[in-house]
Amino acid sequence: MALSLYNTLTRRVEPFTPLLPPRVTIYTCGPTVWQYAHLGNFRTFLFEDLLRRHLEFLGYDVFHIMNLTDVDDRTIKAAAAAGKRLEEHTAPFVQAFFDDRDYLRIQPAHVYPRATEAIPAMVRLVGQLLDKGVAYKGEDGSVYFAIGKFPTYGRLSRLDRRELKVGARVASDEYAKDDPRDFALWKRAEPIDEQVGAAWDAPFGRGRPGWHLECSAMSLDAISRFGVATLDIHAGGIDLIFPHHEDEIAQSEAATGQPFARFWLHGEFLNVRGTKMSKRFGNFLTARDLREQRVDAAAVRLLFWQTHYRQALDFNDEALEGAKEGVKRLGELRARLVERAAVDSARPGVLAELASELLSEFGIALDDDLGAPRAVAALFEFVRAANRELDRGQGGIGTGAAAGAGAALAVFDRVMTVLDVLPTAKALTPEFAAWVEGQLAAREKARRAKDFREADRIRAALRAKGVELEDTPAGTKWRAG
Ligand code: AMP
Ligand code: ZN
């Protein structure tokens, strides 16, 4: 079976094929660095991490772009309120975002273009749109996109004209536009922009980019290295469909004349008691809150995988506790497989068969629009069956029971390259170091007595706890992972 994904553009699950296989270009709208990102934001970034990892699992050569929105209404207001320059205000939040990303084991994107560093590309794009006559300078000095000149406007969000009008009326500056639905590409510099250093010169007037413009310019700029103007996948949270992504399409396609993205993927919200987690509602939790509570990020990941990305997920403590328990069971099973594989690695057997069932079910589940809940169910089915088999093999090797641990371990680790939900290795405490030293002494004794099975068993037991050994002429060295 091949990968299929739900495409917001067509409202259908469709077979996925990239423009130029094996490369897959992905653009994901990144954080607005006016504050710490909350767990809701990270639910979206984690769904994108799953997408990225599954594509790589399938052998695609992924090029992932995530922007940093470091200039927009919110960042400017926040910097002004703090009495700081824009850069000075956003820098710590950029760093915090990267720290949180690493804590949550999200694979880094290949590039992180920053809006403030991509102003020339944005100015060029506005220039192109003006030249083509799809943009105009408003009476207020800002530059607007003329929706009436782009016939397919509204295709992604499928809002009818009346709804579009109502939506746009909420925005300010209506008087300055030819049509109230038009949106700003470039906003004329206001005193507050100058105050924080968020204004740039441009042929069409000093100002700053609109948020939608930033993403169009940065994504097109990033994929120009491949000589294309079409992304394979563009993703974000569901609240970005309108107007953000609709406007990105209008700007990009009006400028290039080519489809902007082949697939549009949108993740559902993380809620708290039925309400979207957001800064505005004050019902948010950050990744650093969880880290301070010493929550293993593996549990957060597992919790998120248990709900499909297109379904709303309610965050609560009981669910998190359940996920912590699941992570522990996964860690324990892996330790058992490692131990068994060390003494009985080569033989085929039941464990290998169970693992091959897991691998096939896992692939089928994720190929079906990233069906992580089903993939996780298959994983825990494997945990139960493998534990049963290992219990049966407790009596020793040679009975035929619990054979195939080496192959099973390889599959288990392969599945983890996508889900990444094993417990974080324990921090090195003095007690732990003393225990390791004790095990090393026992191993040395076994080796002297030529009891190599016992020596190997100890090595495996250490490895299961994340300790790797290296035998050198100067003695055995160890390192905790
Ligand atoms: P922002 O930093 O506000 O630009 O948002 C970054 C990303 O987080 C966007 O893709 C949003 O759609 C997404 N997002 C915001 N709130 C939530 C939430 N409660 N659940 C899931 N995604 C969210
Ligand atoms: Zn965007």
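Participant: Just to check I follow, could you spell out the environment of Val33 for this structure?
Facilitator: As for its position among the elements, Val33 is in the loop between strand 3 (23–28) and helix 1 (39–57). On a C-alpha basis, the gap between Val33 and Gln95 in space is 9.5 Å, while along the polypeptide they are 62 residues apart. Those residues in contact with Val33 that sit more than four places away from it in its chain are Thr69, Asp70, Thr75, Thr90, Phe93 and Val94.

Participant: In this structure, what is going on with the sheet that holds strand 8 (residues 207–209)? I would like to understand it.
Facilitator: Judged by pairing direction, the sheet is antiparallel, and its four strands sit side by side in the order 5-6-7-8 without closing on themselves. Strands at the two margins of the open sheet, each flanked by one partner only, are strand 5 (135–137) and strand 8. The average angle at which neighbouring strand axes cross in this sheet is 25°, direction not considered.

Participant: I'm lost on the nonpolar core in this one. Help?
Facilitator: For soluble globular proteins, the rule of thumb is that nonpolar side chains tend to be buried together. Ranked by size, the top nonpolar core spans 89 residues in total, and within it Ile233 and Phe382 carry the most contacts. The residue makeup of this core includes at least three contributed by each of domain 1 (4–281) and domain 2 (317–419).

Participant: Where do I start with the coordination of the zinc ion (ligand 2) in this structure?
Facilitator: Think of it this way: four donors in a tetrahedron around the metal ideally sit 109.5 degrees apart, and six in an octahedron ideally sit 90 or 180 degrees apart. Each protein donor to the zinc ion (ligand 2) is listed here as Cys29 (SG), Cys215 (SG), His244 (NE2) and Glu248 (OE); together their distances run 2.0 to 2.5 Å. Viewed at the metal, the four donor atoms of the zinc ion (ligand 2) are separated by angles of 75 to 129°, and the geometry they form is irregular. Summarised as a motif, the one-chain spacing of the donors to the zinc ion (ligand 2) is C-x185-C-x28-H-x3-E. Residue Cys29 is found in the loop between strand 3 and helix 1, and its partner Cys215 is found in helix 7 (residues 211–223); the two are separated by 186 residues along the sequence.

Participant: Help me out: how do you make sense of the pairing of strand 3 in this one?
Facilitator: Walk down a regular strand and you will see the side chains alternate between the two sheet faces. Buried residues dominate strand 3, accounting for five of its six residues. Where strand 3 lies against strand 4 (residues 61–66), six bridges are found, and the strand directions are parallel. When the sheet's bridge partners are listed, Tyr27 is paired in strand 4 with Ile65. One crossover worth recording links strand 3 to the parallel strand 4 by way of helix 1, and it is right-handed.

Participant: What is the right way to look at the confidence of the model for the protein chain in this model?
Facilitator: Any residue range with low pLDDT should be treated as having predicted coordinates unsuitable for detailed reading. Here the protein chain shows a mean pLDDT of 93. Residues at 70 or above account for 95%. In the model, residues 169–173 has pLDDT below 50 throughout and makes five contacts with residues more than four positions away in sequence or in other chains.

Participant: What am I meant to see in the pairing of strand 14 (residues 467–472) here?
Facilitator: Of the strand pairs in this sheet, strand 14 and strand 15 (residues 475–480) are connected by six bridges, and their pairing is antiparallel. Its bridge partner lying in strand 15, Thr472 is registered against Gly475.

Participant: How should I be thinking about the pattern of salt bridges in this particular structure?
Facilitator: Here the idea is simple: oppositely charged side chains can pair when their charged atoms come close. Considering all chains together, one arrives at 34 salt bridges under this definition. Asp100 is the salt-bridge partner of Arg291, the closest N and O atoms lying 3.4 Å from each other. With Arg291 in helix 9 (residues 287–292) and Asp100 in helix 3 (residues 86–103), this pair connects stretches of sequence that are 191 residues apart. Assessed through its relative accessible area of 34%, Arg291 is described here as partly exposed. The salt bridge involving Asp102 is made with Arg101; its shortest N-O contact spans 3.0 Å. Residue classification places Arg101 among the buried positions, given a relative accessible area of 9%. Sharing partners across several salt bridges, the network here consists of Asp49, Arg53, Arg105, Asp296, Arg301 and Asp420.

Participant: When you look at the site of ligand 1 in this model, what are you seeing that I'm missing?
Facilitator: As a structural note, the neighbourhood of ligand 1 is formed by 18 residues, with Thr32, Thr44, Asp239, Leu270 and Met277 the closest of them. A distance of 2.8 Å separates an oxygen atom of ligand 1 from a polar side-chain atom of Thr32. Within the side chain of Arg74, a nitrogen or oxygen atom sits 3.0 Å from an oxygen atom of ligand 1. Here ligand 1, which alone exposes 490 Å², has 93% of that area covered by the protein. Contributing elements (two or more residues each) for the shell around ligand 1: helix 1 and strand 9 (231–237). The element contributing the most residues to the shell around ligand 1 is helix 1, with four residues.

Participant: Explain the packing of aromatic side chains to me, please; I cannot follow it from the model alone.
Facilitator: For any pair of aromatic rings, geometry is given as the distance between the ring centres together with the angle between the planes. A full pass over the atoms with the stated rule returns 18 aromatic pairs. For the ring pair Phe45 and Phe97, a centre distance of 5.6 Å and an interplane angle of 80° mean the geometry is edge-to-face. One end of the pair, Phe45, is in helix 1; the other, Phe97, is in helix 3, and 52 residues separate them in sequence. A single burial state applies to Phe45 and to Phe97, both of which are buried. Geometrically, the ring pair formed by Phe98 and Tyr112 is edge-to-face, given 4.9 Å between the ring centres and 70° between the ring planes.

The rules we used
- Residues numbered from 1 in each chain as written.
- Chains lettered and ligands numbered in written order.
- Predicted model: local features only at pLDDT ≥ 70, side-chain atom pairs only at ≥ 80, totals over all residues.
- Heavy atoms only, no water.
- Helix = DSSP H or I, 4+ residues; strand = E, 2+ residues; numbered from the N terminus.
- Contact = heavy atoms within 4.5 Å.
- Pairing = 2+ DSSP bridges.
- Axes fitted to C-alpha atoms, helices over the stretch in contact; angles between N-to-C directions.
- Core = buried A, V, L, I, M, F, W, Y, C linked by side-chain atoms within 4.5 Å.
- Buried < 20%, exposed > 50% of the residue type's maximum accessible area, 1.4 Å probe, protein only.
- Domains from an automatic or database assignment.
- Donors = N, O, S within 2.8 Å, 3.2 Å for Na, K, Ca; no water.
- Tetrahedral: all angles 85-135°; square planar, octahedral: opposite > 155°, others 65-115°.
- Right-handed = clockwise from strand over helix to strand, strands pointing away.
- pLDDT = per-residue confidence, 0-100.
- Salt bridge = Lys/Arg side-chain N within 4 Å of Asp/Glu carboxyl O.
- Near = heavy atom within 4 Å.
- Polar contact = N/O pair within 3.5 Å; in protein donor to acceptor, adjacent residues only side chain to side chain.
- Areas by Shrake-Rupley, 256 points an atom, 1.4 Å probe, with all protein chains shown as cover.
- Phe/Tyr/Trp six-rings, centres within 6.5 Å; stacked < 30°, edge-to-face > 60°.

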